[in-house]
Amino acid sequence: MPGPQRSPGPAPGGVNQQDPTGFPKFHDTPPPPGPAPAVVRAATPPSEVASLPLGGFRPQVEVGADGTLHAVYYDHRDTGDLLWYRQSRDGRAWSDPEMVSTSTGRNWGPDLVVTADGRVLVAWDRADEHFYGQGWLRERGDEGWGEAVALTAGGNVELSSGHIAAVGHDLVYVYIEKPMSPQHRFVAKWRWRRDGTWSEPVAFSDGKLDAWHSNVSARPDGSVLATYDVGQGGGATTLYVVEGKDRKFGGPQALAGVQGERLHFAHTAEGDWLTWFLKTATFPRQVFVTGGKPGAWSPAAELSQGMGGYHYDPFAVTLPGGDPVVVWAYDGGTVSSLAYSVRRDGAWTAPRMLEPVGPGKAELPSVSVGPDGRVHAVWAQGVAGKTTTWHAELAP
């Protein structure tokens, strides 16, 4: 049976593929002119986690309680899009890649969690040659990788945007799914694992419009926050948040007065920080952030205000003292890299840009703060389906 095509493309139902160089039209369109963020050097020299010719896409990073860096990404091969894991003690020397996924099929969208006791959990979306999709999970302990476990039933469905959160020994999984038909819409769903048993899938959204970009994260108090957006796709969508605890979720709440896509979040004991980007005429122009709690959010602040270029794929973390940091991808046309802003003394700092590592577009950063307070970022950089995965330590 032939392997999947190497180049990204739309699935039969129209879902945007998760190959980061596959969906943004702005790759071929010059960005708006205007000021660029000030350039700063990384705290440590950037290193390649996955190098060309295979490269790496949609990387994720987590720092364990012992300071070990864990990273996952996928690459394009003739047999399929395969998912890999590596680890590092210093962010410069990385272990040999370990295959996480099956050796065939389209294995996309990895999500990575490292638990307090050192277990590594990876969830991902797998599609076969017909684009039939299924969510999968694999865990790595002291004795290595366990068997991959299916998180959804599969069958004649498309599936995307699977994410996990660990809450003690519980595990929460969110995703979007729809029957393989242009008449159906993607629905955001969730499941909860306790004592090894998964609850039945439950829908967040009603399926009248497509759901996109589901996500979930554990809070310090043992609850979780799930997010997704709903709309036509290709433009501004409505952003939703849902709180969960003890194997159940409350009702979804729309963020009033704002639109955007791809929510990400960070948490403190006092509340949550949410960040997202907004497209104008299908082009990603602005990154926003708000803080607070569901039903009581602060006015949204635009971190990209006054800047030229494209701004997209934001990711939020909190520093040990509780200050939030938002990291996003910036494309100024001639240069592209990671930009970031920190909230200090009640205000967000002017954006700064990591010194570019090379040509191509920076995309889909993932960020994690270690027990020593160091801020580690991984991201993909490249064009036309060929990207290098980089790691750098930021100095916010």
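One can find the structure itself at the top, above this paragraph.
Just so it is clear, the model here is predicted, and its values are computed rather than measured.

### Points about the packing of aromatic side chains
Line of reasoning, step 1. Inspection of the entire model under this criterion finds 13 aromatic pairs.
Line of reasoning, step 2. For the pair phenylalanine 186 and tryptophan 212, a centre-to-centre distance of 6.4 Å together with 40° between the ring planes defines the contact as tilted. Placement of phenylalanine 186 in the loop between β13 (170-179) and β14 (187-194) and of tryptophan 212 in strand β17 (residues 210-218) is noted, with a sequence separation of 26 residues between them.
Line of reasoning, step 3. Given the relative accessible area of 8%, tryptophan 212 is considered buried.

### A word on the side chain of threonine 115
Line of reasoning, step 1. With respect to the element layout, threonine 115 can be found in the loop between β7 (105-114) and β8 (120-127).
Line of reasoning, step 2. Dropping the residues within four chain positions of it, threonine 115 is found in contact with Leu121 and Ala166.

### As for the sheet that holds strand β33 (residues 375-383)
Line of reasoning, step 1. If you trace the four strands from one edge of the open sheet to the other, you get β2-β34-β33-β32, paired in antiparallel fashion. At either end of the open sheet lies a strand with only one pairing partner, and these are β2 (44-50) and β32 (361-369). Recorded for the sheet is a direction-independent mean angle of 25° between the axes of neighbouring strands.
Line of reasoning, step 2. Pairing of β2 with strand β34 (residues 386-394) involves four bridges; the strand directions are antiparallel. By the bridge assignment, threonine 44 is partnered in β34 with glutamate 393.

### Notes on unusual backbone geometry
Line of reasoning, step 1. Each neighbour pair has its own omega, and for leucine 52 with proline 53 the value is 20°, a cis peptide bond.
Line of reasoning, step 2. Along the chain, proline 53 turns up in the loop between β2 and β3 (57-63).
Line of reasoning, step 3. If you check the backbone angles, phenylalanine 131 has positive phi at about 75° while not being a glycine.
Line of reasoning, step 4. Here phenylalanine 131 lies in the loop between β8 and β9 (133-141).
Line of reasoning, step 5. Look at phenylalanine 131 and you get buried, because its relative accessible area is 16%.

Rules and cut-offs
- Counting of residues starts from 1 at the beginning of each chain's written sequence and follows it residue by residue.
- Owing to the predicted nature of the model, reporting of local features is limited to residues with pLDDT of at least 70; listing and counting of side-chain atom pairs is limited to 80 or more, with chain, interface and lining totals taken over all residues.
- Remark: hydrogens and water are excluded; side-chain values derive from all non-hydrogen atoms of the structure.
- Aromatic rings from Phe, Tyr and Trp, taking only the six-membered ring of Trp, are treated as a pair when their centres fall within 6.5 Å; an angle between ring planes under 30 degrees marks them as stacked, one over 60 as edge-to-face, and anything in between as tilted.
- Helical segments are the DSSP runs of H or I of at least four residues, strand segments are the runs of E of at least two, and each set is numbered from the N terminus.
- The cut-offs for exposure are 20% and 50% of the maximum accessible area for each residue type, with area from a 1.4 Å probe on protein chains only; residues under the lower value are buried, those over the upper are exposed, and the others partly exposed.
- Contacts were defined at the residue level, with two residues in contact if any of their heavy atoms lie within 4.5 Å.
- A pair of strands counts as paired when DSSP detects no fewer than two bridges linking them.
- Axis definition: a line fit to C-alpha positions, over the contact stretch in the case of helices; interaxial angles, taken between N-to-C directions, run 0 to 180 degrees.

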